[in-house]
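# Observations on the three-dimensional arrangement
These are the residues of each chain, in order.
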Amino acid sequence: ETGVTQTPRHLVMGMTNKKSLKCEQHLGHNAMYWYKQSAKKPLELMFVYNFKEQTENNSVPSRFSPECPNSSHLFLHLHTLQPEDSALYLCASSQAGRAAGANVLTFGAGSRLTVL
Amino acid sequence: GESVGLHLPTLSVQEGDNSIINCAYSNSASDYFIWYKQESGKGPQFIIDIRSNMDKRQGQRVTVLLNKTVKHLSLQIAATQPGDSAVYFCAENIGDMRFGAGTRLTVKP
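Bear in mind the structure is a predicted one, so any value in this text is a computation, not a measurement. (Residues numbered from 1 in each chain as written. Chains lettered and ligands numbered in written order. Predicted model: local features only at pLDDT ≥ 70, side-chain atom pairs only at ≥ 80, totals over all residues. Heavy atoms only, no water.)

Once that is clear, we can look at the overall build of chain B. When its secondary structure is counted, chain B shows 0 helices and 11 strands. Projected onto its principal axes, the C-alpha coordinates of chain B cover approximately 40 × 25 × 20 Å. Going through the 109 residues of chain B one by one, you find that 45% of them count as buried. Sequence separation of at least 24 residues holds for 52% of the intrachain contacts in chain B that already meet a minimum separation of 6. Surface accessibility of chain B: about 5,200 Å² in total, with carbon and sulfur atoms responsible for 46%. Between the averaged position of the 11 positive side-chain charges in chain B and that of its 10 negative side-chain charges there is a distance of 2 Å. (Helix = DSSP H or I, 4+ residues; strand = E, 2+ residues; numbered from the N terminus. Buried < 20%, exposed > 50% of the residue type's maximum accessible area, 1.4 Å probe, protein only. Contact = heavy atoms within 4.5 Å. Areas by Shrake-Rupley, 256 points an atom, 1.4 Å probe, with all protein chains shown as cover. Lys, Arg positive; Asp, Glu negative; His and termini not counted. Charge placed at Lys NZ, Arg CZ, Asp CG, Glu CD.)

The subject of this paragraph is the pairing of strand β5 (residues 44-50) of chain A. All names here are of chain A. The buried count for β5 comes to 5 of 7 residues, which makes it a mostly enclosed element. By the bridge criterion, 6 bridges tie strand β4 (residues 31-37) to β5 in an arrangement that is antiparallel. Bridge pairing links Lys36 to Glu44 in β5. Note that β5 and strand β6 (residues 53-57) share 4 bridges and pair antiparallel. Paired with Phe47 across the two strands is Asn57, which belongs to β6. Between β5 and β6, which follow one another and run antiparallel, lie 2 residues, and Phe51 among them has a positive phi close to 50 degrees. (Pairing = 2+ DSSP bridges.)

On to the environment of Asn53 of chain B, then. Residue and element names in this part refer to chain B. One can find Asn53 in the loop between β5 (45-51) and β6 (56-58). For Asn53, a relative accessible area of 65% translates into the label exposed. On a C-alpha basis, the gap between Asn53 and Gln14 in space is 33 Å, while along the polypeptide they are 39 residues apart.

Structure, rendered in structure tokens:
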């Protein structure tokens, strides 16, 4: 266990379903992130939250909707996804700020999403 | 655009040999670099980091070398073990962390 817990670990959904991914961190960090990991592609940053405020949205389609109710929890709400959205979705946390060292990310094990 | 990339997608080494994994970056403003290891079924895990004012940093069995002149980063693993088999990513700090595509290291017994 890294201190970042993601649920569910595996999810299969149809294109018309609505589902959510959950992330919880027990490290006292103030920044949380969603990354998408597809085969043979670099990790893609999707969203960043610092102190519960969204500070970055990397042109992610609106069918992905993040929610950060507090600095320990992060959700990714999924709605009308496409098959190409199938990937491993990784949550991470870090100390807030952009200084070197503050950006060391602690990742969860990921949620493997398959869209049929 | 500027990006972080890895020279080789796969690397196979004999157990006990040393491994060298390379990474090229093109953003001269990057001031901090991290190597992550991702084992099957897990998220990436921090291995070692280096700031841009350093050329070399050593950890337990791992060494990171930074050559700012040619914008090159490498990870050296001494006496590679089967447990080192994983995908290795370099990442650069340009505000947020930007990751390379990854190199899969396979250790042959």
